[in-house]
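Commentary on secondary and tertiary structure
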Amino acid sequence: MSELLQFLFSGLTVGAVYALVALGFTIIYNASDVVNFAQGEFVMLGGMITWFAHAAGLPLPLAALIAIVATAALGVAINKLAIEPARGAPVVSLIIITIGASVFLQGAAQLVFDKQIHSFPAFSGDTPLRIGGATIQPQSLWVIGGALVVFAGLWLFFTRTLLGRAVLATSNNRLAAQLVGINTNFVMTLSFALSAGIGALAGVLATPITLTAYNVGIGFALKGFAGAMLGGMGNPKGALAGGFLIGLIEALTAGYLSSTYKEAAAFVVILLVLFFMPQGLFGRKSTERV
Amino acid sequence: MLTVEGLRSRYGRIEVLHGIDLHVDSGEIVTVVGANGAGKTTLLRCLSGVQPVSAGTITFRGEPLTPVPAFKRLARGLAQSPEGRQIFTNLTVEENLRLGAFLYSDDRVEKDMEDAFQMFPILKQKRNLAAGGLSGGQQQMLAMARALMGRPSCLLLDEPSMGLAPIIVQQIFDVVSGLKALGVTVLLVEQNAFGALKIADRGYVMETGQITMQGPAGELIADPRIREAYLGI
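Residues numbered from 1 in each chain as written. Chains lettered and ligands numbered in written order. Predicted model: local features only at pLDDT ≥ 70, side-chain atom pairs only at ≥ 80, totals over all residues.

Counting its regular elements, chain B contains ten helices and ten strands. Taken over C-alpha atoms, the radius of gyration comes to 17 Å for chain B, in line with the 17 Å a tight globule of 233 residues would show. Burial status across chain B gives 48% buried among its 233 residues. Of the contacts formed within chain B by residues at least 6 apart in sequence, a portion of 66% connects residues at least 24 apart. (Helix = DSSP H or I, 4+ residues; strand = E, 2+ residues; numbered from the N terminus. Rg over C-alpha atoms; globule rule 2.2 N^0.38 Å. Buried ≥ 20, exposed ≤ 12 C-beta atoms within 10 Å, placed from the backbone. Contact = placed C-beta atoms within 7 Å.)

Listed below in structure tokens is the structure:
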């Protein structure tokens, strides 16, 4: 029993990181139908910039804040320099541009920072908490809490605010969005800033557990993308549930079967779900008359 | 209210508007009729700012409109109900209307929405349904109602009758002629020349990117050339 609980704790921890990455995918996708494959790089930058700023002598909270703001600014730069000039191109071309941005950021991080693996201290110490015979790191609670807070914020943003609806409207019909007075370029800038900021936050929260290096982004991007697809792309609820599910499946497979199969198990479940529910678990069925 | 002089526009190297001159006075319903491909939609797209203008001037309420980006033109009082309706299919009817008043967050938004529901009661019944599931006529009503939520002084209407059943077309045209009473000036672009000229004060006839005839709607409707070319009489 305590064994199961232990697996669940570690699944929830990893799942929360995946959920944060998946939530980052959600915003840009909602604004533009683009799946931003540079999302993993934002996570990497969050961790790496924090480590560098912290190593340079800044207190950890300030270093984390700088990392999040700097990454958000980089997200805006990617939008302005790479996505906006290609406006009007098919979505697939834009997705390929984000892959290019991802490769670029990874290479740049290698030059600007270094190729070492880094970590910084956990926020609330390393003394594990004992719950029902299992243990959980305090940092895990930070990660899980972070995922829940970001989810709640995004959910309120998309369902309760006019600006959130304007983001949805922009992706649904850019022409009509402009005609009702929405500055669609600003909506894109905002969504890249938010996505990048959330990605960086994931990196900041996860690094004490998962460690960071210039090349960790692609792994986060794949798992986060899988989580977003599993839950239904574009839906914050789906991103949260999908991220946690993948984390749990991985942890349980690694615990009871073999850690060799943990990724295979996660992807088999995704394939099955998408086969029977192509829109994902929480995806909207699209009905459209013409 | 709206003056267009020598307007030219092109798609790539192909010019489709060859110097359009027209004007719409405050309180008027003016229609531009013409066959498919005459450039009517391009003209409206230039007016709403989503199509680049290569030459000529557009003046709206005494100010040049050409340098104003599309998303700022509604704040100036110019709204468009675009060709093909262009509603937000994944949002509900009510959300579509609310976004029509994106620029505003005062008490009048609620009141305007009630007015829209009064104008098109079917939209009230479907207010919480996804707009993509509406029929063509209902989508057209939603597109017009959404444009009116932006409190325009001038409404550009692109082919509101396209692809609709005759009984719905009549209902739409009735609403358009009723806009006058609400103080909204209308520029109506239509292939359905007869229906449009019947409710308009003045009309322009457009052929291959040029205005070929203009005058009071009553005179155009009686003109034998128009009757032959566009009314099939």
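A tally of helices and strands in chain A yields eleven helices and two strands. Tracing chain A from N to C terminus, the helices and strands come up as α-α-α-α-β-β-α-α-α-α-α-α-α. Over its C-alpha trace chain A gives a radius of gyration of 19 Å, about what one expects of a compact globule, namely 19 Å for 290 residues. If one aligns the C-alpha atoms of chain A with their principal axes, the spans along those axes are about 60 × 50 × 35 Å. In chain A, which comprises 290 residues, the share counted as buried stands at 52%.

Right, let's get into the interface of chain A and chain B. The interface of chain A with chain B comprises 20 residues on the first partner and 28 residues on the second. Class assignment of the residues belonging to the side of chain A that touches chain B gives a composition of nine nonpolar, seven polar and four charged. (Nonpolar A, V, L, I, M, F, W, Y, C, P; charged D, E, K, R; others polar.)

All names here are of chain B. Here strand S6 (residues 78-81) shows a buried face lined by Leu-78 and Gln-80 and a second buried face lined by Ala-79 and Ser-81. Strand direction decides the pairing type here: S6 and strand S7 (residues 154-158), joined by four bridges, are parallel. Bridging from a neighbouring strand, Gln-80 pairs with Leu-156 of S7. (Pairing = 2+ DSSP bridges.)

Quick look at the packing of helix H6 (residues 162-172) of chain A against helix H8 (residues 184-210) of chain A now. Between two packed helices, both the angle of their axes relative to each other and the distance between the axes serve to describe the pair. All names here are of chain A. Where H6 meets H8, the axes come as close as 10 Å, and the angle between the chain directions of the two elements is 110°. Looking at the two axes, H6 sits roughly perpendicular to H8. Every pair of crossing elements has a handedness; the one defined by H6 and H8 is left-handed. The residues of H8 that touch H6, namely those facing Ala-166, Val-167 and Thr-170, are Thr-184, Val-187 and Ser-191. (Axes fitted to C-alpha atoms, helices over the stretch in contact; angles between N-to-C directions. Parallel < 35°, antiparallel > 145°, perpendicular 65-115°, else oblique. Left-handed = near helix turned anticlockwise from the far one by under 90°.)

Our focus in this paragraph is the nonpolar core. One finds A:Ala19, A:Leu20, A:Val21, A:Leu23, A:Leu45 and B:Ala145 to be the most contacted residues of the largest nonpolar core, which totals 162 residues. Look past the residues within four positions of A:Leu23 in its chain and what remains in contact with it is A:Val150, A:Phe151, A:Leu154, A:Ile198, A:Pro236, A:Ala239 and A:Leu240. (Core = buried A, V, L, I, M, F, W, Y, C linked by C-beta atoms within 7 Å.)

The next subject is the sheet that holds S6(B). Hydrogen bonds along the backbone pair up the strands of a sheet, which may run parallel or antiparallel. All names here are of chain B. Reading across the sheet, the six strands line up as S6-S7-S8-S3-S9-S10 and stay open at both edges, with mixed pairing between neighbours. The open sheet terminates on both sides in strands that have one partner only, identified here as S6 and strand S10 (210-216). In this sheet, adjacent strand axes meet at a mean angle of 15° when their direction is disregarded. This element, helix H6 (residues 136-149), spans S6 and S7 of the sheet and lies at about 170° to S6.

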